[in-house]
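Spelled out from the first residue to the last, the chains are:
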Amino acid sequence: MTSAQVPSLSTDDMLQALEADLQLSVSLLDDPRLQPMTEMIAYHFGWSESRPEARGKRLRPLLTLLCCAAGGGDWPMALPAASAVELIHNFSLIHDDIQDNSAERRGRATVWKRWGIAQAINTGDALLVLAHLAVGRLTSLGTSAAAALDVHSLLDDACLDLTRGQHLDLAFEDRGEVAESEYLEMIQGKTAALLAAATGCGARLAATSQAAIEAYRLYGLHLGMAFQILDDILGIWGTPEVTGKPTGDDLRAHKKSLPILFGMDHSPTFRQQWASQRSDEDAIREMTNALEKAGGLEYARREAEDHTEQALHSLSRAVPSGPAGEELQRLTRRLLQRDR
């Protein structure tokens, strides 16, 4: 490939191409009888309104494209895999909203809240199937059958890990005691597994070495762990005007996140407050103060920073090249500093 033929590495170009490929994937449902389903999908993906925040970050598919480019591959050839990653992510979000009884996502009513639980489950199922069909388009772009099969396997393994993680998350709601090791196992499945598959798929499509593919996969895994732990921090100490959620929302929901588990183990005061089951503003403020005094905020920050450093170490082992490699490092550090 000559320099004139090398595709742009602008993330804006990547995201624009991704949206077009996602819509191509969903176009398989084009049928007048299925119009309500396509309306649900368009609504969930933020295509039916002019609010960029409704679309979400598209972080996972962007990582797929960047890892492909950083591994020396032609990133447009990885678009079907990137779409598959995003379709799987959104299948899980639609189902999670039902399981968590969440009425809003990204400042709007969730799919189940607008169209009912039964249709939302069906729409989520459709997104999962569309993800598999998207991977099937890889060979038409020149990807070998072996590479396409590897991508299928990476994504299927991630889906299984994701459902395992969701099972544990739901099971923890009914348990009085959850060990930190159990919690970390849960978020590795629920959050980190798909990020690891996203980066691993991109590297596999770059036809790089097996060692590099594994390094990229571990990069995504640790990035996912840091991403979730930072979410845990924002769930307690985030600014409502930025996160769209009340301060201390995870405390109010009695969610067993990492800072809360730390407080349970290290602060008798917090443990007593937590056991009271109170959720009024004074109680939330008292629990937040007790957590900070016990070191829960600082501990969670250190854990997020440690996984970020492990992610960057794995990325350096992959030896990413060019602007895409530089963008991966910038993106990783920006994620640790995010406020939503």
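Before reading on, note that the structure itself is shown above.
So, here's what we can say about the structure. (Residues numbered from 1 in each chain as written. Predicted model: local features only at pLDDT ≥ 70, side-chain atom pairs only at ≥ 80, totals over all residues. Heavy atoms only, no water.)

A few words now on the overall build of the protein chain. Tallying secondary structure elements over the protein chain gives 16 helices and two strands in all. Relative to a compact globule of 340 residues, whose C-alpha radius of gyration would be 20 Å, the protein chain shows 20 Å and is just as compact. Each principal axis of the C-alpha distribution contributes one length, and for the protein chain these read about 65 × 50 × 30 Å. By the burial criterion, 50% of the 340 residues in the protein chain qualify as buried. The distance from the centre of the 33 positive side-chain charges to the centre of the 47 negative ones in the protein chain is 2 Å. (Helix = DSSP H or I, 4+ residues; strand = E, 2+ residues; numbered from the N terminus. Rg over C-alpha atoms; globule rule 2.2 N^0.38 Å. Buried < 20%, exposed > 50% of the residue type's maximum accessible area, 1.4 Å probe, protein only. Lys, Arg positive; Asp, Glu negative; His and termini not counted. Charge placed at Lys NZ, Arg CZ, Asp CG, Glu CD.)

Position of S257 relative to the elements: it lies in the loop between α11 (249-252) and α12 (258-266). Note on S257: relative accessible area 0%, which makes it buried. In sequence terms S257 and Q329 are 72 residues apart; their C-alpha atoms lie 27 Å from each other. In this structure, S257 is in contact with Y183, D232, I236 and D250, ignoring residues within four places of it in sequence. (Contact = heavy atoms within 4.5 Å.)

With 15 residues, helix α16 (residues 322-336) extends 23 Å between its outermost C-alpha atoms, agreeing within 8% with the 21 Å of an ideal straight helix rising 1.5 Å per residue. Residues of α16 that are buried: A324, G325, E327, L328, L331, T332 and L335. Across the axial projection of α16, the buried residues extend over an arc of 160°, all falling on one side. Against α1 (11-26), α3 (59-70), α9 (210-237) and α15 (296-318) lie the buried residues of α16. (Expected span 1.5 Å × (residues − 1). Arc of directions from axis to C-beta.)

What follows is about the packing of α9 against α12. As a packed pair, α9 and α12 sit with axes 8 Å apart at the nearest point and diverge in direction by 75°. One element, α9, and the other, α12, form an angle in the roughly perpendicular class. Across the interface between the two elements, I229, D232, I236 and W237 of α9 pack against L258, P259 and I260 of α12. When its residues are assigned to classes, the contact of α9 with α12 shows six nonpolar, no polar and one charged. (Axes fitted to C-alpha atoms, helices over the stretch in contact; angles between N-to-C directions. Parallel < 35°, antiparallel > 145°, perpendicular 65-115°, else oblique. Nonpolar A, V, L, I, M, F, W, Y, C, P; charged D, E, K, R; others polar.)

This brings us to the nonpolar core. Most often, soluble globular proteins keep nonpolar side chains buried together rather than apart. Membership of the largest hydrophobic core comes to 71 residues, with the highest contact counts inside it found for L87, L155 and L328. The element contributing the most residues to this core is helix α4 (residues 79-99), with ten residues. For L87, the residues in contact, after removing those within four places along its chain, are L22, S25, V26, F45, L127, L130, A131 and A134. Residues L221, L234, L251 and L261 belong to the second largest nonpolar core, which totals 31 residues. (Core = buried A, V, L, I, M, F, W, Y, C linked by side-chain atoms within 4.5 Å.)

Tallied over the full model, the rule gives four aromatic pairs. Note on F45 and W47: the rings are 4.9 Å apart at their centroids and 15° apart in plane angle, and the pair reads as stacked. Geometrically, the ring pair formed by F262 and Y299 is stacked, given 4.6 Å between the ring centres and 20° between the ring planes. Note that F262 is positioned in helix α12 and Y299 in helix α15, a separation of 37 residues in sequence. (Phe/Tyr/Trp six-rings, centres within 6.5 Å; stacked < 30°, edge-to-face > 60°.)

Now for the packing of α12 against α15. Relative orientation of the contacting elements α12 and α15 amounts to 130°, with a least axis distance of 9 Å. If you check the angle between α12 and α15, you find them oblique. The crossing of α12 and α15 is right-handed. Mapping the contact onto sequence places L258, P259 and F262 in α12 and G296, Y299, A300 and E303 in α15. Taken together, the residues that form the contact of α12 with α15 break down as five nonpolar, one polar and one charged. (Left-handed = near helix turned anticlockwise from the far one by under 90°.)

Another point: α3. Along an α-helix, residues three or four positions apart point the same way, because every turn accommodates 3.6 residues. Here α3 is twelve residues long and its end C-alpha atoms lie 16 Å apart, about the 16 Å a rise of 1.5 Å per residue gives. Burial runs high along α3: twelve of the twelve residues are buried. Where α3 is buried, its residues meet α1, α4, α8 (180-205), α9 and α16. Just downstream of α3, G72 is the residue with a positive phi angle, here 90°.

With that settled, the discussion passes to the environment of R301. Along the chain, R301 falls in helix α15. Along the backbone, R301 and A20 are 281 residues apart, and their C-alpha atoms lie at a distance of 37 Å.

Moving on: a nonpolar patch on the surface. Where nonpolar side chains cluster on the molecular surface, the patch consists of L28, V129 and L133 and spans about 290 Å² of accessible area. Inspection of the secondary structure assignment puts L28 in the loop between α1 and α2 (35-44). Accessibility expressed as a relative area gives 58% for L28, which makes it exposed. (Patch = residues over 30% accessible without salt bridge, like charges linked within 9 Å, V, L, I, M, F, W, Y side chains within 5 Å. Areas by Shrake-Rupley, 256 points an atom, 1.4 Å probe, with all protein chains shown as cover. Salt bridge = Lys/Arg side-chain N within 4 Å of Asp/Glu carboxyl O.)

A word on the pattern of salt bridges. On inspection of all chains with the given rule, the structure shows 21 salt bridges. Close ionic contact of E19 with R55 constitutes a salt bridge, the shortest N to O distance being 3.5 Å. Placement of the pair is E19 in helix α1 and R55 in the loop between α2 and α3, with a sequence separation of 36 residues. E19 gets classed as buried once you look at its relative accessible area, which sits at 10%. Classification of R55 by relative accessible area gives partly exposed; the value is 28%. When the shortest N-O distance is used, the salt bridge between E86 and R58 registers 3.2 Å. With E86 in helix α4 and R58 in the loop between α2 and α3, the pair connects residues that are 28 residues apart, well separated along the chain. Residue E86 shares its accessibility class with R58, and that shared class is buried.

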